[in-house]
Amino acid sequence: MSSIPVTARVRPPSVINEQIRALMLRSAGRLTAAQRAEYEALVEEWATAVNTGEREAA
């Protein structure tokens, strides 16, 4: 289940993707438990943003 409220404003996937990339660069690809949790939340947010964009385009 998503931790992002449905009523929340969805950020563009490209913005979220940049945060994911920055996280991976900072950690050199070796995530701590806290970073892993952040990564998972970002990926979930990214997927929601992508799916929202597809629905809006339809």
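Structure: above.
We now turn to the structure provided with this report. Keep in mind that this is a model prediction, so the values were computed, not measured. Residue numbers run consecutively from 1 along every chain, following the written order of its sequence. Given that the model is predicted, a residue must reach a pLDDT of at least 70 before its local features are reported, and side-chain atom pairs must reach 80 or more before they are shown or counted; all residues, however, enter totals for whole chains, interfaces and linings. The side-chain quantities take in all heavy atoms of the structure and omit both hydrogens and water.

**Let's talk about the overall build of the protein**
Secondary structure follows DSSP: runs of H or I at least 4 residues long count as helices, runs of E at least 2 residues long count as strands, and numbering of each begins at the N terminus. Looking only at helices and strands, one finds two helices and zero strands in the protein. Accessible area is worked out with a 1.4 Å probe on protein chains only. A residue is then buried under 20% of its type maximum, exposed over 50%, and partly exposed in between. Taken across its 58 residues, the protein has 16% of its residues classed as buried. With residues, only the protein chains shown are counted as cover, and all accessible areas are computed by Shrake-Rupley using a 1.4 Å probe. For the protein, the exposed area adds up to about 4,500 Å²; of that, 57% sits on carbon and sulfur atoms.

**Description of helix H1 (residues 13–27)**
An α-helical segment advances 3.6 residues per turn. Residues three or four places apart therefore align on the same side. Counted at 1.5 Å a residue, the expected span for H1 with its 15 residues is 21 Å, and the 21 Å between its end C-alpha atoms agrees. Along H1, the residues that are buried comprise Ile16, Ile20, Leu23 and Ser27. Seen from one end, H1 has its buried residues packed into an arc of 60°, which puts them on one side. In H1, the exposed residues that point more than 90 degrees away from the buried face are Ser14, Arg21, Leu25 and Arg26. Of the residues one or two after H1, Ala28 is the one with positive phi, at around 55°. In this analysis, the expected span of each helix is defined as 1.5 Å times one less than the number of residues it contains. Relevant arc is that of directions from the helix axis to the C-beta atoms, nothing else.

**Focus on the nonpolar core**
If you look at the biggest cluster of nonpolar residues, it comprises five residues: Ile16, Ile20, Leu23, Leu42 and Ala49. Of all the secondary structure elements, the ones that give two or more residues to this core are H1 and helix H2 (33–57). Throughout this description, the term nonpolar core refers to a set of buried Ala, Val, Leu, Ile, Met, Phe, Trp, Tyr and Cys residues connected via side-chain atoms within 4.5 Å.

**Topic: unusual backbone geometry**
Look at Ala28: it is not a glycine, yet its phi comes out positive at around 55°. Turning to its location among the elements, Ala28 is positioned in the loop between H1 and H2.

**Concerning the side chain of Gln35**
When you line up the elements, Gln35 lands in helix H2. In protein, a polar contact requires one atom able to donate a hydrogen and another able to accept it; more generally it is a pair of N or O atoms within 3.5 Å, and residues adjacent in sequence count only if both atoms are side-chain atoms. A distance of 2.9 Å separates a polar side-chain atom of Gln35 from the backbone nitrogen of Thr32. Contacts are residue-level and defined by heavy atoms, with any inter-residue pair within 4.5 Å sufficient. Ignoring anything within four residues of it in the chain, the contact list for Gln35 reads Leu23, Ser27 and Arg30.

**Side note on the environment of Glu40**
Topologically, Glu40 is positioned in helix H2. Note on Glu40: relative accessible area 42%, which makes it partly exposed. Taking C-alpha positions, Glu40 is 9.4 Å from Ile20, a pair spaced 20 residues apart along the chain.

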